[in-house]
Amino acid sequence: MTDPTSTTTAPRPYESYVYAYPHKTAYRPLADRPALSSLWAGERKDALSLYLHIPFCEVRCGFCNLFTRIGAPDELTTRYLDALDRQATAVADALHAHPVPGAPDAGAGPVRFAAAAFGGGTPTFLTAGELERLCDIAEKRMGADLRAVPLSVETSPSTATADRLSVLADRGATRLSIGVQSFVEEEAKAAVRPQRRSDVEAALGRIRDARIPVLNIDLIYGIDGQTARSWRLSLDAALAWRPEELYLYPLYARPLTPLGRRSHPSESGWDAQRLALYRQGRDHLLAQGYEQVSMRMFRLPGAPREGADDYACQTDGMIGLGCGARSYTSDLHYSFDYAVGMREIRTIIDAYTVTEDFSRAEVGRAVDADEARRRHLLQSLLQAEGMAVADYRERFGSGPFGDFPAELNRFAGLGWLDTDAGPGLLRLSPEGLAHSDALGPALFSPAVRAAMASYELK
């Protein structure tokens, strides 16, 4: 990983996608296994986010390093939902527990959820009946009113069936995100995601028929054999559906993934290809009337904001249910064990399904004042609208340039900061947004960097 303070090292534009900080590879087993009731006793609980994780897919895409497995034999989905129900019961009990004596009064407030999401994996791998049960767990166990808050659900072309979509629409889904990646069948095959364009188009038609307010389409650039012409074809095929949101992802070939075991073009050649395709996609979407929310996210002006913006998963007050989900309090991030390799993932899922006691945090990382500042800066700066310096100062009692002079001065020297933003706003330039996957990792703390480097991949 590039030295974040070096003023001479030419940064690679694709270091890492920062979708959470600290990353789970910086988590470690918690020796004291703190009780959830004590972790949440002093936290505000009146605007929580709820995330339910379903770790099953019909196929493992070549680029995927998410916590998921292929298929679910021997009624595994039933056993998983049983465990999810037990975990939800334990977490709800902890959230409603009386505050610990001496804890801040915030813990005594009501428990309310302001947003919910089902992710994975592929939540729509579940049958329609199982999706009903998933919604029941969120509502009846956790107390989330899914029809009253934004509910975002991830899906895939082969699992976006009419019966599943009907359940989600009836239960309050406001956003469907579908991973298309490419409308070009040869490119989908090259990304180890074999699919027919006709099936993708049929799935998009079913989603529109379900009248869920926000459709998001994910596309990937940098696939082997992809050209400016074929990338334009995928962009235009997606735009034909006038989705409220579009995410443009650069392809990564991560360790332990199918693509990670293949040979690839030289780093400089691949970087140049991805940057060129990114700029082409960005400019095309802007010309079509979309606004840029982050490096990856584009939204139609006026479209309802029915899902979390990019990087919003880093917000405090997150309740994650499922063996691949994170939970965030103000000073601890926690989860279960993490893996990418299929054998390890299966082992972790199997252990989750037989767990009876979910009352304690098992694996995680403490977040001190310095890490909180880094998270806030990352969370805000990687958004196209930038960060109000006054908000940062109000929260932390200091200024970002005083806290991170080396990093921010380096970004300025590279032309990544918008010099027209004014003194009260810290905002990335278009070139800074293009290099978000280099800028984000440059803000990691030395301790998190060391923990990630020493993590043993499995």
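Buried residues of helix H4 (residues 162-171): Arg164, Leu165, Val167, Leu168 and Arg171, and no others. Looking down the long axis of H4, one finds its buried residues gathered within 155° of arc, a one-sided arrangement. Exposed side chains of H4 directed beyond 90 degrees from the buried face belong to Ala162 and Asp170. Check the buried side of H4 and you find it contacts helix H3 (128-141), strand E6 (151-155), strand E7 (175-181) and helix H6 (197-209).

Moving on: the nonpolar core. One finds Leu50, Met142, Leu219 and Ile319 to be the most contacted residues of the largest nonpolar core, which totals 135 residues. Sorting elements by how many residues they give to this core places helix H2 (residues 76-95) first, with 11 residues. Discounting chain neighbours no more than four positions away, the residues touching leucine 50 are Phe113, Ala115, Ala116, Ala117, Ala138, Met142, Ala144, Ile319 and Leu321.

This paragraph deals with the environment of alanine 47. By secondary structure assignment, the location of alanine 47 is in the loop between helix H1 (36-40) and strand E2 (48-54). Through-space distance from the C-alpha of alanine 47 to that of valine 111 is 7.7 Å; in sequence the pair is 64 residues apart. Beyond its immediate stretch of four places on either side in the chain, alanine 47 contacts Arg112 and Ala114.

Attention shifts here to the side chain of histidine 435. Looking at the secondary structure, you find histidine 435 in the loop between helix H14 (430-434) and helix H15 (436-442). Discounting residues that sit within four places of it in the chain, histidine 435 has contacts with Pro13, Leu275, Arg279 and Trp416.

Two elements in contact, helix H10 (residues 369-381) and helix H11 (residues 389-396), have axes whose closest approach is 11 Å; the angle formed by their N-to-C orientations is 160°. With respect to H11, the element H10 is oriented roughly antiparallel. Every pair of crossing elements has a handedness; the one defined by H10 and H11 is right-handed. Residue-level inspection shows Ala372, Arg373 and His376 of H10 in contact with H11, the latter providing Tyr392, Arg395 and Phe396. Looking at the contact of H10 with H11 residue by residue, the class counts come to three nonpolar, one polar and two charged.

The next thing to look at is the pattern of salt bridges. Scanning the entire structure with this criterion turns up 26 salt bridges. With its nearest N and O atoms 2.9 Å apart, the salt bridge here joins arginine 33 to glutamate 362. In this pair, arginine 33 is assigned in the loop between strand E1 (28-29) and H1 and glutamate 362 in the loop between helix H9 (342-353) and strand E15 (363-366), connecting sequence segments 329 residues apart. A salt bridge links aspartate 199 to arginine 196; the nearest nitrogen and oxygen atoms lie 3.1 Å apart.

Another aspect to go through is the side chain of serine 398. Mapped onto the elements, serine 398 comes out in the loop between H11 and helix H12 (400-403). A polar atom in the side chain of serine 398 sits 2.7 Å from the side chain of aspartate 403.

A few words on the packing of aromatic side chains. All told, the structure shown has 16 aromatic pairs when counted by the stated rule. A centroid spacing of 5.1 Å and a plane angle of 40° characterise the contact between tyrosine 80 and tyrosine 352, whose relative ring orientation is tilted. Of this pair, tyrosine 80 sits in helix H2 while tyrosine 352 sits in helix H9, and the two are 272 residues apart along the sequence. Taken together through their ring pairs, the aromatic side chains of Phe56, Tyr80, Phe125, Phe336, Tyr352 and Phe358 make up a single cluster. Stacked on the ring of tyrosine 252, the Lys or Arg arginine 274 has its end atom at 5.8 Å from the ring centre. Over the ring of tyrosine 328 we find arginine 375, and its NZ or CZ is 5.9 Å from the ring centre.

Strand direction decides the pairing type here: E1 and E15, joined by two bridges, are antiparallel. The residue of E15 that forms the bridge with arginine 28 is glycine 364. Here strand E14 (residues 332-335) runs beside E15; their pairing, made up of four bridges, is antiparallel. Counterpart to histidine 333 in the pairing with E15 is arginine 365.

Let us look at the packing of H2 against H3. Here H2 crosses H3 at 10°, and the two axes come no closer than 10 Å. Taken together, the axes of H2 and H3 are roughly parallel relative to one another. Between H2, through Thr77, Thr78, Leu81, Asp82, Leu84, Asp85, Ala88, Thr89 and Ala92, and H3, the contact on the second element is made entirely by Glu130, Arg133, Leu134, Ile137 and Arg141. Considering only residue class, the contact of H2 with H3 consists of six nonpolar, three polar and five charged.

Here is what the cut-offs are and how they apply
The residue numbering used here restarts from 1 in each chain and proceeds along that chain's sequence as written. This being a predicted model, a pLDDT of at least 70 is required before a residue's local features are given, and a value of 80 or more before pairs of side-chain atoms are given or counted; all residues contribute to the totals for chains, interfaces and linings. Side-chain calculation: all heavy atoms of the structure are included, whereas hydrogens and water are not. A simple rule labels every residue: compare its accessible area, found with a 1.4 Å probe on the protein chains alone, to the largest value its type can have, and call it buried under 20%, exposed over 50%, or partly exposed in between. Here a strand is any run of E in DSSP of at least two residues, a helix any run of H or I of at least four, and the numbering for each starts at the N terminus. To be clear, the arc concerns the directions from the helix axis to the C-beta atoms. Contacts: residue pairs with any heavy atoms within 4.5 Å of one another. In this description, a nonpolar core means a group of buried Ala, Val, Leu, Ile, Met, Phe, Trp, Tyr and Cys residues linked to one another through side-chain atoms lying within 4.5 Å. Every axis in this analysis is a line fitted to C-alpha atoms, fitted for helices over the stretch in contact. Angles between the N-to-C directions lie between 0 and 180 degrees. Here the angle decides the label: under 35 degrees means roughly parallel, over 145 means roughly antiparallel, 65 to 115 means roughly perpendicular, and every other value means oblique. Crossing handedness is read from the near helix: turned anticlockwise from the far helix by less than a right angle, it gives a left-handed crossing, and turned clockwise, a right-handed one. Under this grouping Gly is polar, as are all residues other than the nonpolar Ala, Val, Leu, Ile, Met, Phe, Trp, Tyr, Cys and Pro and the charged Asp, Glu, Lys and Arg. Counted as salt bridges are all cases of a side-chain nitrogen of Lys or Arg within 4 Å of a carboxyl oxygen of Asp or Glu. In protein, a polar contact means a hydrogen-donor-capable atom and an acceptor-capable atom, both N or O and within 3.5 Å, with residues adjacent in sequence counting only if both atoms are side-chain atoms; elsewhere, any N or O pair within 3.5 Å suffices. Pairing of aromatic rings covers Phe, Tyr and Trp, the last counted by its six-membered ring, and requires centre-to-centre distances within 6.5 Å; plane angles under 30 degrees mean stacked, over 60 mean edge-to-face, and any other angle means tilted. Remark: a charge is flagged as sitting over a ring if the NZ atom of Lys or the CZ atom of Arg is within 6 Å of the ring centre and within 35 degrees of the ring normal. Two strands make a pair as long as DSSP finds a minimum of two bridges between them.

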